[in-house]
There are 2 protein chains.
Amino acid sequence: MAVAEELHFRRAADRLGVAQPALSRAIQHLEQELQVRLFDRSNRAVRLTEAGAAFLRGSHGIMNVVDRAVEETRQVDRGQIGSLRIGYTDMAIGGVLPSLLKTFQARHRGIVLHPHHDVTSTQLHKLDQGELDIGCVTGPISRAGYDQVPIQSERLVCVVYENHPLARRGSIRLNELAQEDFIHGPTRDWEHFFSYLFPLCRRAGFVPHIVQEAYNSAGILGLVACGMGVTVLTESVRNILIRDLVILDLEDVTERLQTVALWKTESLSGSKSLFIDALRERSPDMDLP
Amino acid sequence: MAVAEELHFRRAADRLGVAQPALSRAIQHLEQELQVRLFDRSNRAVRLTEAGAAFLRGSHGIMNVVDRAVEETRQVDRGQIGSLRIGYTDMAIGGVLPSLLKTFQARHRGIVLHPHHDVTSTQLHKLDQGELDIGCVTGPISRAGYDQVPIQSERLVCVVYENHPLARRGSIRLNELAQEDFIHGPTRDWEHFFSYLFPLCRRAGFVPHIVQEAYNSAGILGLVACGMGVTVLTESVRNILIRDLVILDLEDVTERLQTVALWKTESLSGSKSLFIDALRERSPDMDLP
DNA sequence: TTTAATGATGCTCTCCAGGTATCAGATTAG
DNA sequence: CTAATCTGATACCTGGAGAGCATCATTAAA
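Residues numbered from 1 in each chain as written. Chains lettered and ligands numbered in written order. Predicted model: local features only at pLDDT ≥ 70, side-chain atom pairs only at ≥ 80, totals over all residues. Heavy atoms only, no water.

## Re the environment of B:Asp147
Counting through the fold element by element, B:Asp147 comes out in strand S6 (residues 146-161). Along the chain, B:Asp147 and B:Leu262 lie 115 residues apart, while their C-alpha atoms are 5.8 Å from each other. (Helix = DSSP H or I, 4+ residues; strand = E, 2+ residues; numbered from the N terminus.)

The following block contains the structure:
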């Protein structure tokens, strides 16, 4: 490229910081390898052949592609560009996660976020399989080879329909629900949530009488609104405004449902650690039991 | 790329035909130069980092661009692709040149032809300046550093309007035009053509009485059709059918107007010599005086 | 505990790229 | 017409990058 631009071996060699003979031979080797004459050179003048001009264009292209590849690699390494597959539960997406994703996205335009809605157990499986980079699950989780950061901690609340006898109370105690019909999520999928809720009910002296299982939070709330029963969910449901529903605090339940971000300790890539940094920054004081 | 595909240094080294330590160090050097870790390698497993995956994609791109640059360069060298700037005169474009360009184009799809309409003197100038690759001019031309091939040789004919006294004759002698009004092209530009015609008239005993100059062949024929005068052109005007015009042979003019293709002897590129080969093939027996 | 597998490291040697000096051909100066 | 100058090519030599061999270090499997 230097010779093509200077059309003068000595000047090109000066520009490249090598001696002129070295450059002459370099060009000779190149021509030999390509089996194409790139320069017409008499003792007095150097000119590009047509093929040489074509190769000059090609060389510019090569330099561009190489530079871009290197630059992109470095950016990926620094996490400036990349992609993250992030799992989330109903609680996570109903709580802090949306604003968290939004601010992260605004700060790191080059990172493409791929959110996946899955319950905790599915997310754990996908993390194992490498199908997710970060899971946002009901925790805390202690799992070999995984690290976690808490992202939210919610009280439980009771949701009833507007005409329910308890609807005007504002807050109740958990044992007041002993005789109520419960609507809840699918037992198999929501095991992590139930493993929180059921011990609390047992402590309050009853086993919840589940009359209906819905497929997800929205379904549960819909069934509650129809008057088919009540439910206990996390306080993030306050963010969802639904007519005919009333949310009641549970006075005697101080336990909080943790939602944690979870990732394989190994293979901490640039974008992943940037995301985790953002999580840590957001909840510096929140600590796990 | 081999390591990234095999995820195994020894196998990759085998594939590349080098020893494993050499490959290990090559990767180390690459990582050092990029300042980016491309592989996570324990003693038991090799995996691409995210940056490594990015660089693998980049490398594929680089290989493609390099291969394409080399291939394109070779094709240009062989003349399989390229571009040719070809000048032509009214006579050339009225005669064999169109079919010549057409067959050449059909045979060499990769070569882009750029025709430029110019009179002989302009073409010569542009050839000197390197603004044309091949000129098709009124010849023969003897010019240092240039080669030529004849592409057509035409008789002169007289063109008159339909009601002209000579119109029914079919053929005439040149001196019968002694008293006629002549229409002709611009004296300055058509010097090459005039340098043929005027000596013939002088030999026939008269100096043509030019009453009107048009800008080009079409203009001349238009003025002739209007009855403003007659003209002498080459027989290629037979290819242009214009109402109200009659073409007469000139019995006593055996001289022929040569049109030749002309190019700088030096810098014979692939596509240029292919074009010249095609010209030579087309007129193998036509010889210049 | 031993064995096998696998990447990293140390050492040696080769050979290619680069440097210096010079040649060969062409243009310019006087 | 000769000398000077310019410019790319060639001859020869040297140093260092890179290749191979032997071996180490670590880990998983037997």
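## Some details on the interface of chain B and chain A
Counting from both sides, the interface comprises 28 residues of chain B and, opposite them, 29 residues of chain A. Carbon and sulfur atoms supply 62% of the area that chain B and chain A bury against each other, a total of about 2200 Å² over both sides. Summed over the shared surface of chain B and chain A, the number is zero salt bridges. For the pair chain B and chain A, the interface holds five residue pairs in polar contact (both at pLDDT 80 or more). Listing elements by their share of the side of chain B that touches chain A, those giving two or more residues are helix H3 (20-34) and helix H4 (50-78) of chain B. With 15 residues, the top contributor of residues to the side of chain B that touches chain A is H4(B). Looking at the side of chain B that touches chain A, its residues break down into twelve nonpolar, eight polar and eight charged. (Contact = heavy atoms within 4.5 Å. Buried area = accessible area lost by both parts, 1.4 Å probe. Salt bridge = Lys/Arg side-chain N within 4 Å of Asp/Glu carboxyl O. Polar contact = N/O pair within 3.5 Å; in protein donor to acceptor, adjacent residues only side chain to side chain. Nonpolar A, V, L, I, M, F, W, Y, C, P; charged D, E, K, R; others polar.)

## Comments concerning the protein's contact with DNA strand D
Close contacts around DNA strand D come from 22 residues, with A:Ser24, A:Arg41, B:Ala19, B:Arg25 and B:Asn43 the closest. A share of 63% is what sugar and phosphate atoms reach among the atoms of DNA strand D within 4 Å of the protein. In this structure, A:Ser24 approaches DNA strand D through a side-chain N or O atom, which is 2.8 Å from a phosphate oxygen. Elements with a minimum of two residues in the surface near DNA strand D: helix H2 (9-16) and helix H3 (20-34) of chain A together with H3 of chain B. It is H3(A) that contributes the most residues to the surface near DNA strand D, five residues altogether. (Near = heavy atom within 4 Å.)

## Quick look at the relation of the copies chain B and chain A
Once chain B has been moved 0.0 Å along the axis and rotated by 179°, it coincides with chain A to within an RMSD of 0.3 Å. One copy is carried onto the other by what is essentially a two-fold rotation axis. Residues of chain B ranked by C-alpha distance from the rotation axis are headed by B:Ile62, positioned 3.3 Å from it. In this assembly, 100% of the residues forming the interface of chain B have copies in chain A that are likewise at the interface, indicating an isologous arrangement. (Least-squares fit on C-alpha atoms with pLDDT ≥ 70 in both.)

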